[in-house]
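The lines below spell out each chain.
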Amino acid sequence: MLSLIVSTIAFFIASFFIRRYFEDMGIPKGFTRGTMVFVLATAVSYGVAWVVDWMAG
């Protein structure tokens, strides 16, 4: 349960910073950028969940 909560928080934090990074790079808004933000934030979320499970187990 803890990994679900922490990974959800990590998803939103990661998506915020990835979106800002892409804006600073000048990548225009669109489907591809939105998909990349989603995929990268999901990867971060899975990684955080794995670390939490590893530490708790």
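Residues numbered from 1 in each chain as written. Predicted model: local features only at pLDDT ≥ 70, side-chain atom pairs only at ≥ 80, totals over all residues. Heavy atoms only, no water.

Asker: Which residues make up the overall build of the chain, and what values go with them?
Answerer: Along the backbone of the chain there are two helices and zero strands. For the chain, the spread of C-alpha atoms along the principal axes amounts to about 40 × 15 × 15 Å. Each of the 57 residues in the chain was classed as buried or not, and the buried ones make up 23%. A separation of at least 24 residues holds for 58% of the contacts in the chain among residues at least 6 apart in sequence. When the accessible surface of the chain is totalled, it reaches about 4,400 Å², and 74% of it is carbon and sulfur. (Helix = DSSP H or I, 4+ residues; strand = E, 2+ residues; numbered from the N terminus. Buried < 20%, exposed > 50% of the residue type's maximum accessible area, 1.4 Å probe, protein only. Contact = heavy atoms within 4.5 Å. Areas by Shrake-Rupley, 256 points an atom, 1.4 Å probe, with all protein chains shown as cover.)

Asker: Which residues make up the nonpolar core, and what values go with them?
Answerer: Residues A14, I18, F22, V37 and A41 constitute the largest nonpolar core, which totals five residues. Sort the elements by how many residues they give to this core and helix 1 (residues 2–25) lands first, with three residues. Leave out the neighbours within four places in its chain, and F22 touches I27, R33, M36, V37 and L40. (Core = buried A, V, L, I, M, F, W, Y, C linked by side-chain atoms within 4.5 Å.)

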